[in-house]
Amino acid sequence: MEFFAEFFKFLMLRKKYWLFPVLFFLVIFGGLIVLSQGSAVAPFIYTLF
């Protein structure tokens, strides 16, 4: 958890605010892919890519 705190401090210090939405969508899509493996939602996920 210390890594994430340090990373967010870095983003705030360097004013890289545009990375927050990118990281947010990466986490959302990553979680969606992990949770949908082997489920009925999988074909719909694969059409996104």
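Definitions and cut-offs
Residues numbered from 1 in each chain as written. Predicted model: local features only at pLDDT ≥ 70, side-chain atom pairs only at ≥ 80, totals over all residues. Heavy atoms only, no water. Helix = DSSP H or I, 4+ residues; strand = E, 2+ residues; numbered from the N terminus. Buried < 20%, exposed > 50% of the residue type's maximum accessible area, 1.4 Å probe, protein only. Areas by Shrake-Rupley, 256 points an atom, 1.4 Å probe, with all protein chains shown as cover. 1 Å grid on protein atoms, 1.4 Å probe; cavity = no way out; pocket = protein on both sides within 12 Å on 5 of 7 lines; lining within 4 Å. Points joined across faces, edges and corners; volume = space filled by probe spheres on them. pLDDT = per-residue confidence, 0-100.

## A short note on the overall build of the protein chain
Then, in step 1: The helix and strand tally for the protein chain stands at three helices and zero strands.
Then, in step 2: Element order for the protein chain, N to C, with α for helix and β for strand: α-α-α.
Then, in step 3: Burial status across the protein chain gives 8% buried among its 49 residues.
Then, in step 4: As presented, the protein chain carries roughly 4,600 Å² of accessible surface, and 76% of it is formed by carbon and sulfur atoms.

## Regarding the layout of surface pockets
Over the atoms, a rolling probe the size of a water molecule traces out where space has been left empty.
Then, in step 1: Size it by volume and the largest pocket reaches roughly 160 Å³.
Then, in step 2: Lining the largest pocket are Phe3, Phe4, Phe7, Phe8, Phe20, Leu23, Phe24 and Val27.
Then, in step 3: Elements that contribute at least two residues to the lining of the largest pocket include exactly helix H1 (2–14) and helix H2 (19–36).

## Focus: the confidence of the model for the protein chain
Then, in step 1: Of the residues in the protein chain, 84% reach a pLDDT of 70 or more, and the chain-wide mean stands at 82.
Then, in step 2: Within the protein chain, the element-level pLDDT minimum falls on helix H3 (residues 42–48), averaging 69, and the maximum on H1, averaging 89.

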